[in-house]
Amino acid sequence: AQSVAQPEDQVNVAEGNPLTVKCTYSVSGNPYLFWYVQYPNRGLQFLLKYITGDNLVKGSYGFEAEFNKSQTSFHLKKPSALVSDSALYFCAVRGSGSARQLTFGSGTQLTVLP
Amino acid sequence: SQTIHQWPATLVQPVGSPLSLECTVEGTSNPNLYWYRQAAGRGLQLLFYSVGIGQISSEVPQNLSASRPQDRQFILSSKKLLLSDSGFYLCAWSTGTGADQPQHFGDGTRLSIL
């Protein structure tokens, strides 16, 4: 079975400060990891993914994520937060042996304070 | 480019009434299609997925059903809605069968049962 944990329901950060949204996973085989963002009353938007290669993955809107195999983590980061980054963020994982189902975390509400 | 459409955006239905939510994808062929339910703005629950016309897999037993009458059309239905069916319903698609492919989401239907 595969699982994702987002240990923080809420993260608050001041505008201009770096932000981190945490994610840990458990999966059989090689992990395929994804980050999504959801704005109110909208669907999820794909931000970035890790498949293989460099542990630091760059994605949309200045976001990046760091894959750490030993800690089974895939934390989302941004060097300088914007108020417009305030949204709900989801981490998701799929094992290399499962072609269809993504397992999503419970989500982390990010609030960037002006 | 590929696009995904869901309608209606919002729906208010009485208990016991039928339901039909529609999702269509444009700009791709033979997509994998998914229906999710999101409760209280948080975690996503996979309800159904489809890898081809007429091929439906159910993840959770319930009074909902799904159909795929055409390659890029996915329909979520119920004969009699329950109060517990209230929620935010999201359709998603992905290409092929590769585990490294992200899912792309529509903007959802907010369903309220009275």
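All values reported here derive from a predicted model rather than from experimental measurement. (Residues numbered from 1 in each chain as written. Chains lettered and ligands numbered in written order. Predicted model: local features only at pLDDT ≥ 70, side-chain atom pairs only at ≥ 80, totals over all residues. Heavy atoms only, no water.)

How should I be thinking about the interface of chain A and chain B in this particular structure?
Interface size is commonly expressed as the accessible surface area that is lost when the partners come together. Listed by partner, the interface residues are 28 residues for chain A and 25 residues for chain B. Interface area, chain A with chain B, both sides summed: about 2,000 Å², of which 51% is carbon and sulfur. Taken together, the connections running from chain A to chain B amount to one salt bridge. The closest approach of N and O atoms between Arg42 of chain A and Asp107 of chain B, which form a salt bridge, is 3.1 Å. (Contact = heavy atoms within 4.5 Å. Buried area = accessible area lost by both parts, 1.4 Å probe. Salt bridge = Lys/Arg side-chain N within 4 Å of Asp/Glu carboxyl O.)

What exactly am I supposed to notice about the pairing of strand E6 (residues 55-58) of chain B here?
Note on strand geometry: in a regular strand, side chains alternate between the two faces of the sheet. Residues and elements named next belong to chain B. Bridge analysis of strand E5 (residues 44-52) against E6 gives three bridges, and the strand direction is antiparallel. Pairing of Tyr49 across the sheet is with Ser57, part of E6. If you look at the hairpin formed by E5 and E6, you'll find two residues sitting between the two strands, and Gly54 has a positive phi there, around 75°. (Pairing = 2+ DSSP bridges. Helix = DSSP H or I, 4+ residues; strand = E, 2+ residues; numbered from the N terminus.)

Before we go on, may I ask you to explain the sheet that holds strand E8 (residues 73-78) of chain B in this structure?
All names here are of chain B. The strand order across the open sheet built from four strands is E1-E3-E8-E7, with neighbouring strands paired in antiparallel fashion. Either end of the sheet is taken by a strand with one partner, and the two such strands are strand E1 (3-7) and strand E7 (64-70). Mean inter-strand twist for the sheet, computed between neighbouring axes without regard to direction, equals 20°. Examined bridge by bridge, E7 and E8 share five bridges and lie antiparallel to one another. The residue bridging Ser65 from the neighbouring strand is Ser77, located in E8. (Axes fitted to C-alpha atoms, helices over the stretch in contact; angles between N-to-C directions.)

How should the state of the cysteines be read in this particular structure?
Here, the word disulfide means a covalent bond between the sulfur atoms of two cysteines. All told, the structure shown has two disulfides over all chains when counted by the stated rule. Across a sulfur-sulfur distance of 2.0 Å, Cys23 of chain A and Cys91 of chain A are joined as a disulfide pair. A torsion of -60° about the S-S bond marks the disulfide between Cys23 of chain A and Cys91 of chain A as left-handed. With Cys23 of chain A in the loop between strand E3 (19-21) and strand E4 (24-26) and Cys91 of chain A in strand E10 (residues 87-95), this pair connects stretches of sequence that are 68 residues apart. Taken individually, Cys23 of chain A and Cys91 of chain A each receive the classification buried, so the pair is uniform in this respect. A disulfide bridge connects Cys23 of chain B with Cys91 of chain B, and the sulfur atoms are separated by 2.0 Å. (Disulfide = S-S within 2.5 Å. Buried < 20%, exposed > 50% of the residue type's maximum accessible area, 1.4 Å probe, protein only.)

Can you help me understand unusual backbone geometry in this one?
For residues besides glycine, phi is generally negative; the peptide bonds are generally trans as well. Residue Pro8 of chain B is bonded to the preceding Trp7 of chain B through a cis peptide linkage, with omega at 0°. Within the secondary structure, Pro8 of chain B is located in the loop between E1 and strand E2 (10-13). Here the phi dihedral of Asn41 of chain A falls at roughly 60°; this positive angle occurs in a residue that is not glycine. Mapping Asn41 of chain A onto the fold places it in the loop between strand E5 (31-38) and strand E6 (44-50).

Is there a simple way to explain the pattern of salt bridges in this structure?
For the structure on display, the rule yields six salt bridges over all chains. One salt bridge in this structure joins Glu66 of chain A and Lys77 of chain A, with 3.0 Å as the shortest N-O distance. Of this pair, Glu66 of chain A sits in strand E8 (residues 64-68) while Lys77 of chain A sits in strand E9 (residues 73-78), and the two are 11 residues apart along the sequence. Classification of Lys77 of chain A as partly exposed rests on a relative accessible area of 27%. Between Arg37 of chain B and Asp85 of chain B there is a salt bridge, with the nearest N and O atoms lying 3.7 Å from each other. Here Arg37 of chain B is found in strand E4 (residues 32-38), whereas its partner Asp85 of chain B is found in the loop between E8 and strand E9 (87-94), with 48 residues between them in sequence.

The values reported here are purely geometric and, on their own, carry no functional implication.
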